[in-house]
Amino acid sequence: MASEHYHFTAGFNLAPDEIDLTVLFSGEGKPVPGHKMGPSVHDYYLIHTVMDGKGVFQSGSNSHICGTGDTFVIFPGALFSYQADMEQPWTYAWVALQGEAVQQLFKEVGITPNKPLIHLDNLIEIHNLYEHIRFSFQQSAYPRLESLEASGWLRLLVHKFGLANIGSLTPKSAQLPDVIDRQINQAIRWISLQFHQQISIDHMASSLGYHRAHLSKAFKQKIGMSPKQYLLKVRMDKAKELLGGTLTIDQVSSSVGFNDALYFSKQFRKWSGMSPSEYRSHLRSDT
């Protein structure tokens, strides 16, 4: 790409090894009138946002005239070409990315191979995000940190795509269960992530906007047990997992939210029919 044909700045990821989503490179350029890319294919995703001017984007058999604020996405393996206008050649910013999560991420914000275009209004904010992505790659001694930073800015950019495309997205009320179901799901997640803490069911209910009795009743209707019973189940299941390792009984007790190892042992025996030591011996005899 000769400099007399295309003036651009770019940053490149020196550590593009994230599995779910990674930014490969990002840049900004102003092609000369009529400058054309393609027809060709890429093995990565490539986003362009037109900051000024106009041009034509061709994806498969579909041709789109793109102007200021328009964004087009090139999907891996898709035949594409794009060309700057002869009279008002565009200036655009771009970012390339890859990863297992990218296609689903785009789908969630309404961008698909059949709908690869979106229009953005707040170009100052969008341009700043592209600059943040590009400036992440300063070729420092820490390329993994640069890659993480660029991925974070990229997610914010895609969030802006979703806001711009919100009219075509499925609203939350059509995706999620009713309010009480959502609160129960939050309670389940709360317990599943915080079981090692001294969880107060009263505090959890209050934080979710419910009286304990009301939350407990709804929780039991959905799960088949009370929040307290579910917390005990999560702790005991985790204890069984940890007892298969090298932690002491005291360490297992502390890891699953019990300050008193003796009380933990009593609860574990009630739950499993064996003491923690007996359960550990049983595991080892089976291996």
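See the structure shown above.
Residues numbered from 1 in each chain as written. Predicted model: local features only at pLDDT ≥ 70, side-chain atom pairs only at ≥ 80, totals over all residues. Heavy atoms only, no water.

**Observations concerning the packing of helix 8 (residues 227-243) against helix 11 (residues 276-285)**
Consideration 1: At a minimum axis separation of 9 Å, helix 8 and helix 11 run at an interaxial angle of 55 degrees. The angle between the axes of helix 8 and helix 11 places the two elements in the oblique class. Crossing of helix 8 over helix 11 shows right-handed handedness. Here Lys 240, Leu 242 and Leu 243 of helix 8 come into contact with helix 11, specifically with Pro 276, Tyr 279, Arg 280 and Leu 283. (Axes fitted to C-alpha atoms, helices over the stretch in contact; angles between N-to-C directions. Helix = DSSP H or I, 4+ residues; strand = E, 2+ residues; numbered from the N terminus. Parallel < 35°, antiparallel > 145°, perpendicular 65-115°, else oblique. Left-handed = near helix turned anticlockwise from the far one by under 90°. Contact = heavy atoms within 4.5 Å.)

**Observations regarding the pairing of strand 2 (residues 22-31)**
Consideration 1: With nine of its ten residues buried, strand 2 lies for the most part within the structure.
Consideration 2: Pairing of strand 2 with strand 9 (residues 91-98) involves seven bridges; the strand directions are antiparallel. Directly across from Phe 25, in strand 9, lies its bridge partner Ala 96. (Buried < 20%, exposed > 50% of the residue type's maximum accessible area, 1.4 Å probe, protein only. Pairing = 2+ DSSP bridges.)

**Topic: a nonpolar patch on the surface**
Consideration 1: Together, Tyr 142, Leu 145 and Leu 148 make up an exposed nonpolar region whose accessible area comes to about 350 Å².
Consideration 2: Mapping Leu 145 onto the fold places it in helix 3 (residues 143-164).
Consideration 3: For Leu 145, a relative accessible area of 55% translates into the label exposed. (Patch = residues over 30% accessible without salt bridge, like charges linked within 9 Å, V, L, I, M, F, W, Y side chains within 5 Å. Areas by Shrake-Rupley, 256 points an atom, 1.4 Å probe, with all protein chains shown as cover. Salt bridge = Lys/Arg side-chain N within 4 Å of Asp/Glu carboxyl O.)

**Looking at the pattern of salt bridges**
Consideration 1: Scanning the model with the defined rule gives seven salt bridges in all.
Consideration 2: With a closest N to O distance of 2.9 Å, Lys 160 and Glu 125 form a salt bridge. Pair noted here: Lys 160 is in helix 3 and Glu 125 is in helix 2 (residues 123-136), with a separation of 35 residues, a long-range link.
Consideration 3: The exposure class assigned to Glu 125 is partly exposed, which follows from its relative accessible area of 32%.
Consideration 4: For Lys 238, the salt bridge identified is with Glu 241, shortest N-O distance 3.2 Å. Linking Lys 238 with Glu 241, this pair stays in helix 8, spanning three residues, or about one helical turn.
Consideration 5: Here Glu 241 falls in the exposed class, since its relative accessible area comes to 53%.

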